[in-house]
Amino acid sequence: MAETGGAIPAEEMKKIAEETVVTVNNMSQEDRLKELSRLAPKLLEQKKKEKEVKTLPALPNADMYSKIVMRLAPYPSGPLHIGNARMAILNDEYVKRYRGELILAYDDTIGSVEKNIVPEAYDLIKDGLDWLGVNVDKIVYKSDRISFFYEWARILLERNLAYVCLCEAETLRRNRGLGDECSCRNSSRETNLDGWDKMLGGFYDEGEAVVRLKTDMKHPNPAFRDRVLLRVSRRVHPRVGDRYIVWPMLEFSWAIDDHLLGITHILRGKDLVIEDMMEIFLWNLFGWSKPEIIHHGLLQISGAKLSKTKARRMIENKIYSGWDDPQTWSMQSLRRRGIRPEALREFVLEFGLSLSEVTVPLDNLYALNKKLVDPLSDRYIFVSDPVNLTIINMPGKIENEIPRHPDFSARGFKRFSITPEPDKSVTLLVSREDLKLLEESKYVRLIDLCNLRVMKSGERGVQCVYHSTDHRDAKGLSAPLLQWLQLEDTFPARVLMPDGTTKEGLAELQCTKLDVGTVIQFIRFGFVRIDKKDHEIDAFFSHN
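All figures in this text were calculated on a predicted structure; none of them were measured in a lab. (Residues numbered from 1 in each chain as written. Predicted model: local features only at pLDDT ≥ 70, side-chain atom pairs only at ≥ 80, totals over all residues. Heavy atoms only, no water.)

> Explain the sheet that holds strand S17 (residues 426-431) to me, please; I cannot follow it from the model alone.
What holds strands together in a sheet is hydrogen bonding between their backbones, with the strands either parallel or antiparallel. An order of S17-S14-S20-S19-S18-S21 is seen for the six strands of this open sheet, with the pairing classed as mixed. Looking at strand neighbours, the two that pair on one side only are S17 and strand S21 (481-482), the edges of this open sheet. Two elements, strand S19 (residues 450-458) and strand S20 (residues 461-468), share seven bridges in a ladder whose sense is antiparallel. What sits directly across from Arg453, in S20, is Val465. (Pairing = 2+ DSSP bridges. Helix = DSSP H or I, 4+ residues; strand = E, 2+ residues; numbered from the N terminus.)

Dropping the structure here:
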């Protein structure tokens, strides 16, 4: 073609295009996105239906406070899991909205025997918050504040508002159920203070003495009758060792600390009625102003079994690989699977502070994450548990090139050439799981290659005869689509699934050039995040 005006000759245009493809292929996924955003931002815009923008309601009486102060109070029995993300994100959203302060207060008092403090949980929790984009202004540890709780416990005893109870646990439970006072309730101030000193001095063992708050032994809610404020525990604490043997109960420690830390607003599940009642009762006793308490309903996530106690046990027994095992549903495990924190935040904010109890499928989170990762994820092939597929009577060589991403051809292409043997046969690899698609099918299409008529299909593989190349024929033949690989274009790979099972197989050889941490899509398999590359590719399954 002759040059006209400023037109570029075809050969030169071809050379420029090839050089551009090489340049783009050598760019990181992040750099590709930045360059595409600069050159053609409209290509990244997602066409979607307009939907109502979810906003959180205003905090009650916010204008009465010079600064909004809120707190997160995780118990360090393990990292934050997907269920904990709601409280972290809601607090963070409000603090950012009002330019307030968010306190991370590790609620690390000695709890029940079944609920142990995990030393590494402190760092794991903070790491999870950082990943979520939750900004913490101040960090405190309950285990550093025991002296405050002792001080206010003594004040209650001096004012005869609490007492040291020496009743056995069974007697305590029976009296509470019947609404009967025990003899300890009427002990003198001096007797109670002496009992308190003995508790602190180690005179009593676990279960022999507790400090109880005087409420009303005839209160309609038996659980509120003379609740325990402090008890003896000789378990060693991972931060403070055996320095303390008397530990506060949760409601007492928070009644004190919510005042001392200047908390203005508390977000809490509507099921935590006793916590409300106890804090308000104690604030009234001390004459303290009451923070605002905001409730929300229970949000359950179907398909995610959340138990830090179980997870710790499974890790200790080497059943889970660690806290980032996908079965823990921790922030670390979600990150390792390629879930984006922005998706989790949007997922949480969709439900806001609704008082309704809602059960939500994980697919809702996955749909939000897919919107974020789909434009960034190049397409590759993975064949799990591969078996041979033999094509007979192939008329000749087939060549093709496929864009790495169907919407962004600038990212490059996969090129292949299939040449039959002298007997016109070709052997390729397909997934054993796909054999079930052939049970009732007379025809099959190998994606981007050709259409085949099925001759034999069994555990050892498939034998087919060449039919045609045009993909439009496959629709008329009702042919299922199969992913495939050439043996010489493969590398061993395995994918760890959310339920802990593993899919073993072969991935496209080009996957060995991907950076660890890259999220890609295995076509017709799902989105995965590359986790390791050594003698094989290890990937974590994200979602479909």
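> Would you mind going over the pairing of strand S14 (residues 386-392) with me for this structure?
Remember that side chains alternate between the two faces of the sheet whenever the strand is regular. Where burial is concerned, the two faces of S14 differ: the one with Val387, Leu389 and Ile391 is buried and the one with Pro386, Asn388, Thr390 and Ile392 is not. Note that S14 and S20 share five bridges and pair parallel. Across the sheet, the residue bridging to Ile392 is Val465, located in S20. (Buried < 20%, exposed > 50% of the residue type's maximum accessible area, 1.4 Å probe, protein only.)

> I tried to follow the sheet that holds strand S4 (residues 162-165) on my own but got confused; where do I start?
Here four strands make up an open sheet; going across it, the order is S4-S5-S6-S7 and the pairing antiparallel. Each edge of the open sheet carries a strand with a single partner, namely S4 and strand S7 (246-248). In this sheet, neighbouring strand axes are inclined to one another by 20° on average, regardless of whether the strands run parallel or antiparallel. Pairing geometry for S4 and strand S5 (residues 210-213), over four bridges, is antiparallel. Residue pairing across strands places Cys165 opposite Val210, the latter belonging to S5. Packing of helix H7 (residues 189-201) onto the sheet brings it into contact with S4, S5, strand S6 (228-232) and S7, and relative to S4 it is tilted by some 60°. (Axes fitted to C-alpha atoms, helices over the stretch in contact; angles between N-to-C directions. Contact = heavy atoms within 4.5 Å.)

> Got a minute to help me understand the pairing of S6 in this structure?
Counting buried positions along S6 yields four of five residues, so the element is predominantly enclosed. Relative to S7, S6 runs antiparallel, the two being bridged by three bridges. Paired with Arg231 across the strands is Trp247, a residue of S7.

> Sorry, what's going on with the side chain of Asn175 here?
The topology assignment puts Asn175 in helix H6 (residues 169-178). With a relative accessible area of 11%, Asn175 lands in the buried category.

> How do you make sense of helix H8 (residues 250-260) when you look at a structure like this?
An α-helix turns once per 3.6 residues; consequently, residues spaced three or four apart project the same way. The element H8 is extensively covered by neighbouring structure, given that eight of its eleven residues are classed as buried. Glu251, Phe252, Ser253, Trp254, Ala255, Ile256, Asp257 and Asp258 are the residues of H8 that are buried. At the C-terminal side of H8, Gly262 shows a positive phi close to 70°.

> Is there a simple way to think about helix H3 (residues 85-98) in this case?
With 14 residues, H3 extends 20 Å from end C-alpha to end C-alpha; this agrees with the ideal 20 Å at 1.5 Å per step. Along H3, the residues that are buried comprise Ala85, Arg86, Ala88, Ile89, Leu90, Asn91, Asp92, Tyr94 and Val95. One or two residues past the end of H3 sits Arg99, with phi positive at roughly 55°. (Expected span 1.5 Å × (residues − 1).)

> Looking at this structure, I do not really get the environment of Ala479. What am I missing?
For Ala479, the position within the fold is in the loop between helix H14 (471-476) and S21. With relative accessibility at 13%, the residue Ala479 sits in the buried group. Not counting chain neighbours up to four residues away, the residues in contact with Ala479 comprise Tyr443, Val444, Arg445 and Ala474.

> What exactly am I supposed to notice about the nonpolar core here?
Grouped burial of nonpolar side chains is what soluble globular proteins tend to show. Residues Ile82, Leu132 and Leu344 are the most contacted members of the largest nonpolar core, which totals 45 residues. Every element with two or more residues in this core is listed here: strand S1 (69-72), H3, strand S2 (101-106), helix H4 (121-132), strand S10 (299-302), helix H11 (331-337), helix H12 (341-349) and helix H13 (362-373). Element by element, the count of residues in this core is highest for H3, at six residues. Among the nonpolar cores identified, the runner-up in size contains 44 residues, and Trp152, Leu193, Leu229 and Trp283 belong to it. (Core = buried A, V, L, I, M, F, W, Y, C linked by side-chain atoms within 4.5 Å.)

> Honestly, the side chain of Asp378 in this entry has me stumped. Any pointers?
Tracing the chain through its elements places Asp378 in the loop between H13 and strand S12 (379-380). Judged by relative accessible area, Asp378 falls into the buried class, the value being 5%. Only 2.9 Å separates the side chain of Asp378 from the side chain of Arg411, close enough to count as a polar contact. (Polar contact = N/O pair within 3.5 Å; in protein donor to acceptor, adjacent residues only side chain to side chain.)

> What is the right way to read the packing of aromatic side chains from this model?
For any pair of aromatic rings, geometry is given as the distance between the ring centres together with the angle between the planes. Counted under the stated rule, the structure contains 17 aromatic pairs. Seen from their ring centres, Tyr106 and Tyr122 are 5.1 Å apart, and the 70° between their planes marks the pair as edge-to-face. Of this pair, Tyr106 sits in strand S2 while Tyr122 sits in helix H4, and the two are 16 residues apart along the sequence. Given a relative accessible area of 2%, Tyr106 falls into the buried group. Relative accessible area serves as the criterion here: at 7%, Tyr122 is assigned to the buried category. Ring plane angle 90° and centroid distance 5.0 Å describe the contact between Phe203 and Tyr204, whose orientation is recorded as edge-to-face. One aromatic cluster is present, formed by Tyr150, Trp196, Tyr244 and Trp247 through successive ring pairs. Across from the ring centre of Phe203, 4.8 Å away, lies the NZ or CZ of Lys198, which sits over that ring. (Phe/Tyr/Trp six-rings, centres within 6.5 Å; stacked < 30°, edge-to-face > 60°. Lys NZ or Arg CZ within 6 Å of the ring centre and 35° of its normal.)

> Help me understand the pattern of salt bridges, please; the structure alone is not making it clear to me.
It is possible for side chains bearing opposite charge to pair when their charged atoms get close. Tallying each qualifying case throughout the model produces 39 salt bridges. In this structure, the salt-bridge partner of Lys142 is Asp107, at a minimum N-O distance of 3.0 Å. Within this pair, whereas Lys142 is found in the loop between strand S3 (138-141) and helix H5 (146-158), its partner Asp107 is found in the loop between S2 and H4, the two being separated by 35 residues in sequence. Here Lys142 and Asp107 have matching classes, each one buried. In this structure, Arg173 engages Glu170 in a salt bridge whose closest nitrogen and oxygen atoms are separated by 3.2 Å. Of this pair, Arg173 and Glu170 are both found in helix H6, three residues apart, which corresponds to roughly one turn of the helix. Exposure remark for Glu170: the relative accessible area of 47% places this residue in the partly exposed category. Through salt bridges with shared partners, one network takes in Arg71, Asp258, Arg268, Asp276 and Glu279. (Salt bridge = Lys/Arg side-chain N within 4 Å of Asp/Glu carboxyl O.)

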